[in-house]
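Commentary on secondary and tertiary structure
Here is how the chains run, residue by residue.
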Amino acid sequence: TGRGAMAGNFSDKTWSGTPMWQIAEELEEQRRKRDAEELRKASTPVAVLNCRAEGDHFLSELTLLIPAKAAGFNADPASGGFREVKVRGPRRKTRREALKDGFALRKTFHERGEAEVWRQAYELKSRTWEPLELPPETAHVEEPEDKEQRLRLAQRPRGTGWSRKKDADFFLHTHSPMAYDPKKMQYFEVEAASNRYVPCDPPHDPVEYPVDVQAGASLVGQDDGDLTSPDRPRSILLKELVLTGRAMKKPLFFLDQPASAMVLFEGVRGSAASDYCSKNFHTKLLSKLSSTLQYWSAAMMQKLISSIIEELDAEVMQSPAACYDGACLGVAIVLGDRLTVATMGSIRALLQTPSGTTRVIGGQHVVAEDGIDRVRLDAGGGEVISVPVPGEPSVLPQLRVRRPLRPRRTAFAQDNASEIQRVLDAAPDSFSALGFGAGDSVDAKSAKVNYRKLALKVHPDKAPEELKEQAQVAFAKIETALEQIETLLEKDAKATAELHRFLEAAGSVESAVMPRAWARTVLGVEEGIEIEDAEKKAKELKKDLAKLGQFEGGRLFHADARRAGELIDEALESLQAPAPKEGALEAVSVTRALGLRDLKRPRDIVSAKPHVEVVQLDALGSYNLALLSSATSILGDDGILSRIKDFPRQPKTASLVIAQDAADAQAKRKAHRSACLASSVVSVLELKHEEAPEPPTKKAKTDATSDKVRCLHILVKHKDLRMATKDPESATRLRGKTVTRTLAQAERELLAMQRQLVANPNIFHVLARKHSECDSALQPGQNSGDLGWVARGTCGIPQFETVMFSLKQYEISDIVTSPRGLHLIQRIA
């Protein structure tokens, strides 16, 4: 009966259901439409626009999703069959300007294609939008067509180095304690205190800019022994910050590329401070760069460098071996299309832009007659002295600064001239100016009596003609001293007597650092006293001085009381500071440096504040940067730039030329041996035109010859090589000879060849036959040094191959280092 009922239902004439064949056709039609829509989506380029903030600026970022197969590229499975390309607009001060850039780029992509987008992105760098052209601040960047791809992109974390955790729906970063939850679209980082994941801001999505960075550093002295001298300048080259950070377990994957750093240190007074800083700067730099995964703005870069210098300065100041030495520095950090340069002390930087404009960065931190730093020196109580340049009487004396030395004598001189000099040079306070000695009681009557006696000796009318000007100054000084003492006595006679006793006990200041025995006498404490107890005693003494008057901010009112307060501070510093080296501490010619504790405590005479500038690399062409030690100043800025110009794209050679010529010039004028140590760091930053990437098939057709090059080379070996005499490719040329030249000698030989090649680049094969220690030099005629055709990946020495393929035809390379030795390379085809 059941089957009959079912059959009756299907045969019931009153049934109005849709026939099965019609349902099947409708389903097939839906499938065809769905497939057509999927095909349309898979073959339709999409542009996803975002506007993001980078520091104090905004920029548009257009992610182009181009069907990979149609463009001839292999599709990444994670990309949904699309090739992803990011095009960024220029940095703008307002979000509205960045939005306008993005809308213009997106419109260009839809109307004219990818290649035109890259062209417009470059043109936008010089475009200024009118206010009426700008969209509202709240304008939406989304389009209906990009909704699906926008959601898909949001499912993946920013940047590279992420992997999906097995059996889980979130990502972990390979080199950083970070995670990303695509469902919540939230980033997490490991909290140090609890070791648990906590929410954090998204990391910076790094961009690789079309900037090529090359750098070289050189040091030259009077001979090779100077290159290991403790007094030598020290340089650091970190050409790949990301790779260096990975080796030191400091994740830097979020940095814009290229990411490089160059540093130059030079010692003041000695080498201990510069040695310490050169060994610790890079670890602090990498640690601080990896401390945040966000975009490093210009302000953040300035704070980064300042914080590193503050830490190094504090550590040097606590080091018994280094605290009284100093260190000057120059730093250059490249992150993407921005260059940050910092200088301090005697090191300066020269930057030449593609247009030929030259900027001097730093180099102003030397003692001068006037300027901001001179104001600080005077305010801190520094004493500026003139020091003749040895062996050069015609050169103006060099100004230097030191902590003031103040002799103190109270006994009247026998003759008028000597008394005038005593008042001017050996009377640092009112009591000594009026001749109050250790056993004298100070009262108004005694002060007037002493004043009258002195007036007979120092009054201008009593002085000979040649001393009248000095006598006027001395007479004014004793008049002021009388007024000061009368005022102090009126304020508090007992406190005035204590002030006189204190200054008399302190006596003369004869060294930059107060001896500890003297410091204990000044404070009135016993040997072995704890610092805390000494500080309490100092507070008590200052409390007594305050009875004589002080300003609202606590600063002592009277000059003599302030001097006593300064002596108390110096005594405390002496008990806490390491003992100085034997002998007097030299006056220094710089106004800013790391270390130099005697010039920073208890009062800042010398500063450790660097001069920092951030330069936007926005012009096509080469920027030439040089960090220069003090010895190179003898060449002059124009002389240094002309040497860099002679060796374009050859920073190692340029740095060697500058250092060698400066060292020779210093030796010629018979400068001190340490002054002949010249060092320079030269970098070439070449901003190239950014173009759309070509499909592999097209690239193979257009660049078929770029996979092979033909070069000549010159090889010079040195004794520090592992394969100095066991190089099979040099066996015939060396004939078993032992290589005895040093690395510095090898560099000088190649430099001499470079100078010849500047005059005549066509003699490369001649120099190869004469000087090269590779068997390739034995080939006949113009083939001397010929390496033949070399295909990519077949050279066996990566750094050598990289240089070969980077050269233009007939261009000569910089000095190249390899396991075989030092090379010069010329590409001939």
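Below you will find a few notes about this structure. Note that the coordinates shown come from a computational prediction; the quantities given were computed from them, not determined experimentally.

The next thing to look at is the nonpolar core. Ranked by size, the top nonpolar core spans 49 residues in total, and within it Phe431, Leu434, Ile478, Ile485, Leu499, Phe502 and Leu523 carry the most contacts. When contributions to this core are tallied by element, the ones reaching two or more residues are helix H11 (416–425), helix H12 (430–433), helix H13 (444–458), helix H14 (468–491), helix H15 (493–506), helix H16 (516–523), helix H17 (531–546) and helix H18 (559–576). Here the element with the most residues in this core is H14; it accounts for nine residues. Setting aside residues no more than four positions away along its own chain, Leu523 makes contact with Ala534, Lys537, Ala538, Leu541, Ile568, Ala571, Leu572 and Leu575. Core analysis: the second largest hydrophobic core is formed by 43 residues, Leu252, Phe254, Ala259 and Ile305 among them.

Let us now look at the packing of aromatic side chains. In this structure the tally under the stated criterion is five aromatic pairs. Seen from their ring centres, Tyr451 and Phe475 are 6.3 Å apart, and the 40° between their planes marks the pair as tilted. In this pair, Tyr451 is assigned in helix H13 and Phe475 in helix H14, connecting sequence segments 24 residues apart. The exposure classification of Tyr451 matches that of Phe475, with both residues buried.

Between H15 and H16, the shortest axis-to-axis distance is 9 Å and the interhelical angle comes to 170°. On the basis of the axis angle, H15 is roughly antiparallel to H16. Two secondary-structure elements touch here, H15 through Phe502, Ala505 and Ala506 and H16 through Trp518, Thr521 and Val522.

Of note, the amide linkage connecting Gln257 to Pro258 takes the cis form, showing an omega dihedral of 0°. Mapped onto the secondary structure, Pro258 falls in the loop between helix H7 (241–247) and strand S11 (259–268). The omega torsion of the bond from Arg601 to Pro602 falls at 5°, within 30 degrees of zero and hence cis. Locating Pro602 in the fold gives a position in the loop between strand S18 (594–595) and strand S19 (611–616).

Attention now moves to the packing of helix H4 (residues 95–112) against helix H5 (residues 114–123). Look at H4 against H5: their axes get within 7 Å of each other, and the N-to-C directions meet at 150°. On the basis of the axis angle, H4 is roughly antiparallel to H5. When the axes of H4 and H5 are compared, the crossing they make is right-handed. Contact with H4, carried on its side by Ala104, Leu105, Thr108, Phe109 and Arg112, involves Glu114, Glu116, Val117, Gln120 and Ala121 of H5 and no other residues of that element.

Turning our attention to the pattern of salt bridges. Where charged atoms of side chains with opposite charge meet at close range, the side chains can pair. In total, this model carries 51 salt bridges according to the counting rule given. Arg119 is paired through a salt bridge with Glu116; the nearest N and O atoms lie 2.4 Å apart. With a gap of three residues between them, Arg119 and Glu116 both fall in helix H5, about one helical turn apart. Judged by relative accessible area, Arg119 falls into the partly exposed class, the value being 39%. On the accessibility criterion, Glu116 (24% relative accessible area) is partly exposed. Notably, a salt bridge pairs Arg649 with Glu811, separated by 2.6 Å at the nearest N-O pair. You can see Arg649 sitting in the loop between helix H19 (636–646) and helix H20 (651–668) and its partner Glu811 sitting in the loop between helix H25 (798–806) and strand S24 (816–818), a full 162 residues away along the chain.

Ordered by their spatial adjacency, five strands build an open sheet running S4-S5-S6-S7-S8, and the pairing between neighbours is antiparallel. On the outer flanks of this sheet lie strand S4 (162–164) and strand S8 (197–200), each paired with one strand and no other. Mean inter-strand twist for the sheet, computed between neighbouring axes without regard to direction, equals 30°.

Compared with the 34 Å implied by 1.5 Å per residue over 24 residues, the 35 Å span of H14 between its first and last C-alpha is a close match. Of the residues making up H14, those classed as buried are Ala471, Ala474, Phe475, Ile478, Ala481, Leu482, Ile485, Leu488 and Leu489. Tucked inside the fold, the buried residues of H14 contact H11, H12, H13, H15 and H18.

Counting buried positions over the five residues of strand S14 (residues 348–352) gives five, a clear majority of the element. Neither face of S14 is exposed, since Arg348, Leu350 and Gln352 on one face and Ala349 and Leu351 on the opposite face are all buried. Counting the residues that bridge the hairpin from S14 to strand S15 (residues 358–362) gives five residues, and of these Gly356 lies at a positive phi of roughly 95°. In this sheet, strand S20 (residues 621–628) lies alongside S14 in antiparallel orientation, the contact comprising five bridges. Opposite Gln352, over in S20, you have Asn624 as the bridge partner.

Rules used throughout
- Residues numbered from 1 in each chain as written.
- Predicted model: local features only at pLDDT ≥ 70, side-chain atom pairs only at ≥ 80, totals over all residues.
- Heavy atoms only, no water.
- Core = buried A, V, L, I, M, F, W, Y, C linked by side-chain atoms within 4.5 Å.
- Buried < 20%, exposed > 50% of the residue type's maximum accessible area, 1.4 Å probe, protein only.
- Helix = DSSP H or I, 4+ residues; strand = E, 2+ residues; numbered from the N terminus.
- Contact = heavy atoms within 4.5 Å.
- Phe/Tyr/Trp six-rings, centres within 6.5 Å; stacked < 30°, edge-to-face > 60°.
- Axes fitted to C-alpha atoms, helices over the stretch in contact; angles between N-to-C directions.
- Parallel < 35°, antiparallel > 145°, perpendicular 65-115°, else oblique.
- Left-handed = near helix turned anticlockwise from the far one by under 90°.
- Salt bridge = Lys/Arg side-chain N within 4 Å of Asp/Glu carboxyl O.
- Pairing = 2+ DSSP bridges.
- Expected span 1.5 Å × (residues − 1).

In short, geometric facts, not functional conclusions.
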